[in-house]
Each structure stands twice: as C-alpha cells, then as structure tokens.
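Structural features, examined
Next come the chains, spelled out residue by residue.
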Amino acid sequence: MPCLTCTDLRVSFSIQKKTAHAVRGVSFGLDDRKTLGIVGESGCGKSVTALSVMRLVPVPPARIESGSMIFEGADLLAIPEKQMCGVRGRRISMIFQDPMTSLNPVFTCGGQVAESLLLHKGMGKAEAAEFCERLFAEVGIAEPKRVYAAYPHNLSGGMRQRVMIAMALACSPRLLIADEPTTALDVTVQARLLELLKELQDTKDMSMILITHNLGIVAGMAHDVIVMYAGEVMEAAPSKELFDAPRHPYTDCLLKTIPSIEKRSERLTVIPGTVPTPLEIPEGCPFHPRCPRVTDRCRKEHPPLHAVSGNHQVRCHHYE
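Residues numbered from 1 in each chain as written. Predicted model: local features only at pLDDT ≥ 70, side-chain atom pairs only at ≥ 80, totals over all residues. Heavy atoms only, no water.

Points about the domain arrangement of the protein chain
Interface size is commonly expressed as the accessible surface area that is lost when the partners come together. Split by domain assignment, the protein chain resolves into domain 1 (2-91 + 174-314) and domain 2 (101-172). Measuring from the centre of the C-alpha atoms in domain 1 to the corresponding centre in domain 2 gives 29 Å. With 19 residues of domain 1 in contact, the opposing surface of domain 2 contributes 12 residues. Counting the surface lost from both domain 1 and domain 2, the interface buries some 1300 Å², and carbon and sulfur atoms represent 66% of this. The tally of links from domain 1 across to domain 2 stands at one salt bridge. (Domains from an automatic or database assignment. Contact = heavy atoms within 4.5 Å. Buried area = accessible area lost by both parts, 1.4 Å probe. Salt bridge = Lys/Arg side-chain N within 4 Å of Asp/Glu carboxyl O.)

Some points on the packing of helix H7 (residues 157-169) against helix H8 (residues 187-204)
Direction vectors running N to C along H7 and H8 enclose 15 degrees, while the axes themselves pass 11 Å from each other. Accordingly, the angle class assigned to the pair H7 and H8 is roughly parallel. Every pair of crossing elements has a handedness; the one defined by H7 and H8 is right-handed. Contacts between H7 and H8 involve Gly158, Gln161, Arg162, Ile165 and Leu169 on the former and, on the latter, Val189, Arg192, Leu193, Leu196, Leu197, Leu200 and Lys204. (Axes fitted to C-alpha atoms, helices over the stretch in contact; angles between N-to-C directions. Helix = DSSP H or I, 4+ residues; strand = E, 2+ residues; numbered from the N terminus. Parallel < 35°, antiparallel > 145°, perpendicular 65-115°, else oblique. Left-handed = near helix turned anticlockwise from the far one by under 90°.)

Re the nonpolar core
The tendency in soluble globular proteins is for nonpolar side chains to be buried side by side. Among the nonpolar cores identified, the biggest contains 59 residues, and Leu4, Leu76, Ile92, Leu175, Ile177, Ile209 and Tyr250 are the most heavily contacted of them. Look past the residues within four positions of isoleucine 92 in its chain and what remains in contact with it is Val53, Met54, Phe71, Leu76, Val87, Pro173, Leu175 and Ile177. Of all hydrophobic cores here, the second largest spans 39 residues; its members include Ile95, Phe136, Ala170 and Leu196. (Core = buried A, V, L, I, M, F, W, Y, C linked by side-chain atoms within 4.5 Å. Buried < 20%, exposed > 50% of the residue type's maximum accessible area, 1.4 Å probe, protein only.)

Some thoughts on the packing of helix H4 (residues 109-121) against helix H5 (residues 125-138)
Their axes nearest at 9 Å, the elements H4 and H5 cross at an angle of 115 degrees. Crossing hand, H4 versus H5: right-handed. Counting all contacts with H4, which are made through Cys109, Gly110, Val113, Ala114, Leu117 and Leu118, the residues of H5 involved are Lys125, Ala128, Phe131, Cys132, Leu135 and Phe136.

A short note on the packing of aromatic side chains
If you walk through the whole model with that rule in mind, you get three aromatic pairs. On the numbers, 5.2 Å between centres and 85 degrees between planes, the contact of tyrosine 229 with phenylalanine 287 is edge-to-face. One end of the pair, tyrosine 229, is in strand S9 (residues 224-229); the other, phenylalanine 287, is in the loop between helix H11 (249-256) and helix H12 (296-300), with 58 residues separating them in the sequence. A relative accessible area of 0% places phenylalanine 287 in the buried class. Members of the aromatic cluster, connected to one another through ring pairs, are Tyr229, Tyr250 and Phe287. (Phe/Tyr/Trp six-rings, centres within 6.5 Å; stacked < 30°, edge-to-face > 60°.)

Quick look at the sheet that holds strand S8 (residues 207-212)
One open sheet holds the eight strands; their spatial order is S6-S7-S8-S3-S9-S10-S12-S11, and the pairing between them is mixed. In this open sheet, the two edge strands, each paired with only one partner strand, are strand S6 (92-95) and strand S11 (306-309). Direction aside, neighbouring strands of the sheet carry axes that sit 20 degrees apart on average. Where S11 and strand S12 (residues 312-314) come together, three bridges link them in antiparallel fashion. In the sheet register, serine 309 faces S12, and the bridge partner there is histidine 312. Sitting on the sheet, helix H1 (residues 46-53) is in contact with strand S3 (35-39), S6, strand S7 (175-179), S8 and S9, with an inclination near 150 degrees to S7. Against the sheet, H11 engages S9 and strand S10 (232-238), with an angle of about 105 degrees to S9. (Pairing = 2+ DSSP bridges.)

Here we look at a negative patch on the surface
Taken together, Glu195, Glu199, Asp202 and Asp205 make up a surface patch of like negative charges. If you trace the backbone, glutamate 199 turns up in helix H8. (Patch = residues over 30% accessible without salt bridge, like charges linked within 9 Å, V, L, I, M, F, W, Y side chains within 5 Å. Areas by Shrake-Rupley, 256 points an atom, 1.4 Å probe, with all protein chains shown as cover. Lys, Arg positive; Asp, Glu negative; His and termini not counted. Charge placed at Lys NZ, Arg CZ, Asp CG, Glu CD.)

Here we look at the side chain of serine 12
Note on placement: serine 12 falls in strand S1 (residues 2-15). On the accessibility criterion, serine 12 (4% relative accessible area) is buried. Polar contacts involving the side chain of serine 12 include one to the side chain of glutamate 65, which spans 2.8 Å. When near neighbours in sequence (up to four residues on either side) are disregarded, serine 12 contacts Thr19, Ala20, His21, Ala22, Pro61, Ala62, Arg63 and Glu65. (Polar contact = N/O pair within 3.5 Å; in protein donor to acceptor, adjacent residues only side chain to side chain.)

Quick notes on the sheet that holds strand S4 (residues 62-71)
Strands sit in the order S2-S1-S4-S5 across an open sheet of four strands; the sheet is antiparallel. Bordering the open sheet on either side are strand S2 (18-31) and strand S5 (74-75), each of which pairs with just one other strand. In this structure, S1 lies alongside S4, joined through eight bridges in antiparallel fashion. For valine 11, the partnering residue across the bridge sits in S4 and is isoleucine 64. Across the face of the sheet, H1 comes into contact with S1, S2 and S4 while running at roughly 115 degrees to S1.

Below, the structure written as structure tokens:
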C-alpha cells in the first residue's frame, strides 16, 4: 500500500525578478514501511522536494506551480494550512540537516520535544516530561533527565541529532523525512545514528525518505532510490538494481566517486564542473556540460524518462 505518492511536482523561486525552477516535474512513490533514498549533489533540489512534502517552502519567494502529494487520501499541496498543521509533526515528521540551527537555543531540549506532545497528543506537562525521558532513552541518550533540562549548546552534535530524532518520533508518525541526518558528524557517530534509524523504523512501522549526497548511506538503508540533478529525476530504480547496473551517466559518475579499499592507491574520481543554478539550467539534457557520453542530441533535445525495466526509469538519450 502506498504511503506517499508524488506526481509532477514543480517548485520555483522568484529571485531578482527572475524565475528559478528548483524542482521540475518530480514524481515518486513510497510504500508503507519502506525507505526511499533521494540522492544528488548540493543544489539538485533534494531538500526543496522534502520541504514541499511538509509544505514548508517559504511562499513567497517560492511557489508550488503544479503537482500533487497524496498522503492518507489527501493532497498535501491542496488542503488548508490548518489541516496541514494537524499532519505536520504528527503524521509526517522531519529531521533537519543541522540540529544546532533547527533547535531553539533559548528553550531546553526537553521542552522543545514536549511541545509536540502537548499540541498533538493533549498530554499534560508532567506526562509529556515522563514520555520525553523514555523517548530520549529509546534513541540512545544515556542521561535522559540531564538532556531533558539541557539547552542545545550544552550537547555534542551527535547528541543534538538524537534529540531531533526524538522530536520527530514523539507522535509516532507514519512518515519520517530525514534530510542529511548525519551531516557534520564523524563516521562512528554517523554509523550509530543510521543503525538507530533502521531499528526505530522497524519497531515503529514507519516509512522513510532519506535525503543525502552519500551513496554509501543509501546502499545500506534504502529500498528504492531516485537520483536528482538540476531539479529533475535522472534515474529511479530499486536500490540493488541501481547499484548493480546504473543506466544514467550521472549515476555512474556518482558511484565512481565513492572511495573504496580496492582503489586506495588510485586518485579519487571527480565529476568535472558544477551543478547549474536553477537560473542557468542549460538547454537539452541538464547534465550534458559534464557528461562523458555527450552528443549533439544531448545538447539540443531534453530527454524524457524512459522505462528500462520494471520500476527502473532513466532520463537519458543513450541509456542503452
């Protein structure tokens, strides 16, 4: 059964009297209790897609031009804001990139987590505090009482991220969106947090959207993957199929940039050039200025999404 179905999402921003197209016709489906990985370099439209699910893109300057986002029988892009407030934080929660800027520095960590329980669950302050301390222990915080009373600046980056996870899980959401949940954390803390997310997903029967630029994380976490570039889906496939047989040159280039023990004596592969800004997306295939397989057709003609096999789609003229 689908948890979330996104169809033809288009989001633009007004910048200095110009229109920047940040998300261009993105579609995907997410089944219950599954994880969808959204990958790509910075500036590819991953976070704007996630914020659109939560209806948190700032309007203006942003504008959701078209699309639908069907969740529990309702289109999240069309329902009134008051109804969306009942969904946001209760049925859909989000872990943001940087917990230091996402947590309010003038309120205690416990108070910020308890707020959603007071709002959505109707708990009293004492009941919410007790629930929060149990939740802190569940997400691996060793001293729940101390952390409950602490302010964000009193905690390490990994501990702040655990508080953010606790906040996201407080109301037992059906869908969790994790936007770069391990950014700026060392590898051992990253591994512990990712393992924690997997365990919590299994025990709480959640679906998850995992947004990252790290394909190694996606390989171990996601059932399906979409690769984004310049606001578009370049390739979408089941995780194993994508890693075993990537069909888009951008996906292939991303996979080749992953360091490995076998290649430790070789220089790391890099993709030449940079991601185009939403104001300067090139004609034809948006990846063509950086593509090793580019032809004249790529420079002139925008490729559609081709169905390769089953659930595998690729946006490339030369995917075969």
